[in-house]
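Results of the structural survey
Okay, here's what each chain looks like letter by letter:
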Amino acid sequence: MSTQLLIGGRFYSASSPDATAMAVTDGTVVWLGAEQPGRALHIDAEIVDLDGAFVAPAFVDPHVHVTALGLKLTGLDLSGAESLGHCLRLLRAFAEAHPDGAVLGDGWDETTWREGRPPSVEEIDAAAGAGRHVYLSRVDTHSAVASSALLDTLPGLTSTDGFTRGEPVRAAAHHLVRTAALASLSRAQRDKARAAALDHAAAHGIVAVHECAGPEIAGREDLRELLEFDHGVQVRAYWGEAVRSAEQARALVEELGVHALGGDLFVDGSLGSRTAWLRAPYADESHCGRSYLDAETIADHVRACTVAGIQAGFHAIGDAAMDTLVAGIERVVDDLGGPAVAALGHRVEHAELIDAEHIAKLARWGVIASVQPGFDAVWGGSHGMYAARLGADRAATLNPFAAMAASGVALAIGSDAPVTALDPWAAVRAAANHRTPEHGLSPRAAFAAATRGAWRAGGVRDGVAGTLVPGAPASYAIWDADELVVAAASDSVQRWSTDPRSRVPGLPALEPDSPLPRCLRTVHRGATIYAA
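Everything in this summary refers to the structure shown in the same document. None of the values given here were measured: they were computed from a predicted structure.

Quick notes on the rules
- Residues numbered from 1 in each chain as written.
- Predicted model: local features only at pLDDT ≥ 70, side-chain atom pairs only at ≥ 80, totals over all residues.
- Heavy atoms only, no water.
- Core = buried A, V, L, I, M, F, W, Y, C linked by side-chain atoms within 4.5 Å.
- Buried < 20%, exposed > 50% of the residue type's maximum accessible area, 1.4 Å probe, protein only.
- Contact = heavy atoms within 4.5 Å.
- Helix = DSSP H or I, 4+ residues; strand = E, 2+ residues; numbered from the N terminus.
- Pairing = 2+ DSSP bridges.
- Axes fitted to C-alpha atoms, helices over the stretch in contact; angles between N-to-C directions.
- Parallel < 35°, antiparallel > 145°, perpendicular 65-115°, else oblique.
- Nonpolar A, V, L, I, M, F, W, Y, C, P; charged D, E, K, R; others polar.

1. Re the nonpolar core
With 65 residues, the main nonpolar core has L362 and M404 as its most contacted residues. For M404, the contacting residues outside a window of four places in its chain are A351, I354, I359, A369, V371, V409 and L411. With 18 residues, the next largest nonpolar core counts L76, L78, W113 and L136 among its residues.

Have a look at this one:
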């Protein structure tokens, strides 16, 4: 057996909140406490001096698109475009620097631009050059703009749902254009992107990600290649395709090698692209968005997966989408019973426009909510995209994390990268500093949702994953962090207390202007997968 003794650190451990040392043997945490007894108990251990660094359970991101994130990291990132003109200049510069092949870009958001509109086909053609295939995905990845050369390769596109001349492609039309754009990439380009994305995850203290794949996202080949890709960051694969029988569910899981049938199985789209399915029309367009699944299809899928013993899940954002999702699951509860459904830990991704009745039923049925606080940080507030799309009053009801947690809905915090940054501390801070204050979580609850909660969302229910206690897997990150603080017993007294008598492990300060911790090392089951 091989043992390491980490000394001189600050550890986030519920069992030993004042520990300054931790012993790890063969990938498992075996002891926490003070340095002197640690040395006495582990006389042959390799000593690792932390020099005051902060050690905490590593993060898991439960909603990621690995290849798409990597393409953004290695290619044309438009998330920094401050205007339409700036976006087009970035496109022109990238096209000139990369004269061969298609141009794939990601991250533009017209709601932040003074022009208030996306690029036109003509503007893309002029910036990239005539005849160039260009695909530029909106930040939410539910719509895109493309060059005429790329659009012209799809002769049936103009009659496809989601195509309106002069507007970004949405729905089925977007899926066609996206598939054509991704088909232009080589295996080497895709592997380069995957390496960049998973390296980026490890550098941010993440040891596992949940890939939310599907036939309309990146396809079977991308998923197969990702599952073959060798990297220290663990990948749990979700496939968003509806099934109607347990036999079909088992066969699909076996065929694809996936872990579950969920993730981005779309009930609706996104608010930014106005494809989230709403009860009442958008404030800035007179329609209610898009619906992709009905309650019967949802019920068939949940029933099939429950009988097959497979975790199911759905993407649902709008309140009408949540109505339909809840109605579908309720049919299965009526058929098979609540305990049978709850045993599988089925998931809903996003669940943004969710009301008290939805929350109560999801809690009762053990449905896990995979949420993205970064959405609120980027688009929330009285003048953000949410308010523009829904009006300020409806926007203020979005992402009620506190109500969900208080009602017993298990939360898992992630990013939906590349939609928002793969930065778990930023996500935890966003959850603790919600733009609608009554919806915010405590820092400890938010951190738990990004660690223990995310492991649970992936079916790991051993009671120790995502913690630093004896018997837990040694999956942790070492951080350069300032003073640690702990939540006071009552927010009405004060928000923070540094009193060590509280016996509550401290976290880095997560106020909006506080510097976030910097990752020094990421370790998964005892193996270092990143070192600064």
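2. A few points about the environment of V177
Looking at the secondary structure, you find V177 in helix 6 (residues 171-182). Assessed through its relative accessible area of 1%, V177 is described here as buried. Between the alpha carbons of V177 and A146 there is a distance of 7.9 Å; along the sequence they are 31 residues apart. Discounting chain neighbours no more than four positions away, the residues touching V177 are Y135, A146, L150, L151, L154, L157 and V169.

3. Some thoughts on the sheet that holds strand 1 (residues 3-7)
Read from one edge to the other, the open sheet built from four strands follows the order 4-3-1-5, with strand pairing classed as mixed. Bordering the open sheet on either side are strand 4 (28-33) and strand 5 (46-49), each of which pairs with just one other strand. Strand-to-strand, the axes of this sheet are offset by a mean angle of 20°, without reference to chain direction. Two elements, strand 1 and strand 3 (residues 21-25), share five bridges in a ladder whose sense is antiparallel. Across the sheet, residue L5 finds its bridge partner in strand 3, namely A23.

4. A look at the pairing of strand 16 (residues 347-350)
Bridging between strand 15 (residues 313-316) and strand 16 involves four bridges; their strand directions are parallel. Opposite A316, over in strand 16, you have H350 as the bridge partner. Note that strand 16 and strand 17 (residues 368-371) share three bridges and pair parallel. For E349, the partnering residue across the bridge sits in strand 17 and is S370.

5. Side note on the packing of helix 9 (residues 246-256) against helix 10 (residues 295-308)
Two numbers describe how helix 9 lies on helix 10: the axes approach to 8 Å, and their chain directions differ by 70°. Relative to helix 10, helix 9 is oriented roughly perpendicular. The residues of helix 10 that touch helix 9, namely those facing A246, A249 and R250, are A304, V307 and A308. Tallied by class, the residues present in the contact of helix 9 with helix 10 amount to five nonpolar, no polar and one charged.

6. Considerations on the pairing of strand 3
For strand 3, the tally of buried residues reaches five of five residues, placing the bulk of the element in the interior. On strand 3, burial covers both faces: A21, A23 and T25 on one face and M22 and V24 on the other are all buried. Here strand 3 runs beside strand 4; their pairing, made up of five bridges, is antiparallel. By the bridge assignment for strand 4, V24 is matched with V29. Turn length for the strand 3-strand 4 hairpin, with the two strands adjacent in sequence and antiparallel, is two residues, and the turn residue D26 shows positive phi of about 50°.

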